[in-house]
Protein chains: 2
Amino acid sequence: MLVTAGATREPLDPVRYLGNRSSGRMGFALAAAAREAGAEVVLVTGPAALATPRGVERVEVERAEQMHEAVMARIEGADLFIGAAAVADYRPAQEAPEKIKKGSGPLTLTLEPTPDILRAVAARRPRPFVVGFAAETTDLLEHARAKLRDKGLDLVAANRVGPGRGLEVERNSLEVLAAEGEPVSLPEQPKEDLARALIALVAERLEAGGRA
Amino acid sequence: MLVTAGATREPLDPVRYLGNRSSGRMGFALAAAAREAGAEVVLVTGPAALATPRGVERVEVERAEQMHEAVMARIEGADLFIGAAAVADYRPAQEAPEKIKKGSGPLTLTLEPTPDILRAVAARRPRPFVVGFAAETTDLLEHARAKLRDKGLDLVAANRVGPGRGLEVERNSLEVLAAEGEPVSLPEQPKEDLARALIALVAERLEAGGRA
């Protein structure tokens, strides 16, 4: 199986970047939990100050585009893909080769969309069982359902984020949605426990042949 | 004395931000070296996964504006200010209260300048001895001299940055410039040693009454 974790960084110049708030803790915990459960695990991660879980193969990337390439190069034959990384949706349309000097007035930055990794993995045939994450500040279930349907995912794990919630914290809760049936609530708990609960839930679906 | 360290983060929305590549290591090492040398040290830092040096008062901030406020609130009576933080020069002109949803096309972001902390500290009367850092990808001494003069600093410590150089690494070298005299070269060495050398150099100037 393949898990993505952490945040990507999209450079504006050699020192500045567009980032996302994600410690990588949830993705690393999922890799550890899946390995504990006996899976062969490849963890593709953005910059994260976290130790590699024992027995897990770690692949380090920085940008969304590098994460996309690293995933696509290793997805063949995987039966499960979990996209837990906070991948940048946008990157600067131009990357300055030298540090941009400060001017006196405002500056305009043009951003362009990055490759959509979840959608690309879900579009493969044959394809693995695909689990996405939806970190939302409002209308959690609605946005999560739209993501599931729109990208063709098998499951989506939704969590509310905001100051002190979901990102850069030790604990979290999840609402897990499939195309059919009621959402399953995994209550607030340490991310390690939450990861085990989510892996158990995914394993159930995989054994039941719940692939699209 | 007062030291700033780390990078600031300028939010676009609750999950995305503009960041700078800085681990905070140099600023933390300077705080530790100054404390070792007997100074009372306040360390104002952006998010950094580093332990607070023993005997140092740590103040945590996130944005350039918060760093500016934290410094201004504590600068009264300080005899030395070292600005080692990688402070964002620009912030998004608007911060979205909810997560921006991905659209299909390009996105334009308007950035505005942030408060200039070094300039503000150097403009105070009476003022502390002010040491700035210049991280440059090209024309190192030229840019550093311009910064010294333009902001009215007493010393500027210049280092070349780029992939694998200066930022997010364990070792560094510095060229230290004053308004008069030749630059002093501190050769490549671990940041802890470099910090001690820079603090010794600053102490010499302070004792010699080198204030502007």
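Rules used in this analysis
Residues numbered from 1 in each chain as written. Chains lettered and ligands numbered in written order. Predicted model: local features only at pLDDT ≥ 70, side-chain atom pairs only at ≥ 80, totals over all residues. Heavy atoms only, no water. Least-squares fit on C-alpha atoms with pLDDT ≥ 70 in both. Helix = DSSP H or I, 4+ residues; strand = E, 2+ residues; numbered from the N terminus. Pairing = 2+ DSSP bridges. Contact = heavy atoms within 4.5 Å. Buried area = accessible area lost by both parts, 1.4 Å probe. Salt bridge = Lys/Arg side-chain N within 4 Å of Asp/Glu carboxyl O. Polar contact = N/O pair within 3.5 Å; in protein donor to acceptor, adjacent residues only side chain to side chain. Nonpolar A, V, L, I, M, F, W, Y, C, P; charged D, E, K, R; others polar.

- Going by an unreviewed UniProt entry, chain A carries the name DNA/pantothenate metabolism flavoprotein C-terminal domain-containing protein and comes from Halorhodospira neutriphila.

Digging into the relation of the copies chain A and chain B
Think of it as a corkscrew move, a rotation about one axis and a shift along it, taking one chain copy to the other.
Item 1. By a simple turn and slide, chain A fits onto chain B: the slide is 0.0 Å along the axis, the RMSD is 0.0 Å, and the turn is 180°. Here the two chains are linked by the operation of a two-fold rotation axis.

Some remarks on the environment of Ala48(B)
Item 1. For Ala48(B), the position within the fold is in the loop between β4 (42-45) and β5 (57-60).
Item 2. Each C-alpha atom of the pair Ala48(B) and Ser22(B) lies 8.7 Å from the other, and the pair is 26 residues apart in sequence.

Re the pairing of strand β11 (residues 171-178) of chain B
All names here are of chain B.
Item 1. Summarising the sheet, strand β10 (residues 155-160) and β11 pair through 4 bridges and their orientation is antiparallel. Across the sheet, residue Ala158 finds its bridge partner in β11, namely Glu175.
Item 2. The sheet contact formed by β11 and strand β12 (residues 184-190) spans 5 bridges and is antiparallel. Bridged to Glu175 within β12 is Ser185.
Item 3. In this antiparallel pair of consecutive strands, β11 and β12, the connection spans 5 residues, and Gly181 shows a positive phi of 90°.

Concerning the interface of chain A and chain B
How big an interface is tends to be stated in terms of the accessible area lost upon association of its parts.
Item 1. Listed as interface residues are 39 residues of chain A and, on the opposing side, 39 residues of chain B.
Item 2. For the pair chain A and chain B, the summed buried surface comes to about 3800 Å²; carbon and sulfur atoms form 49% of the total.
Item 3. At the junction of chain A and chain B, the tally comes to 4 salt bridges.
Item 4. The residue Arg21(A) makes a salt bridge to Glu62(B) at a minimum N-O spacing of 2.6 Å.
Item 5. At the boundary of chain A and chain B, one finds 19 residue pairs in polar contact (both at pLDDT 80 or more).
Item 6. For the side of chain A that touches chain B, the element with the highest residue contribution is strand β8 (residues 107-113) of chain A, accounting for 7 residues.
Item 7. Grouping the constituent residues of the side of chain A that touches chain B by class yields 15 nonpolar, 11 polar and 13 charged.
Item 8. Note that β8(A) and strand β8 (residues 107-113) of chain B share 5 bridges and pair antiparallel. Bridge pairing in β8(B) places Leu111(A) opposite Leu107(B).

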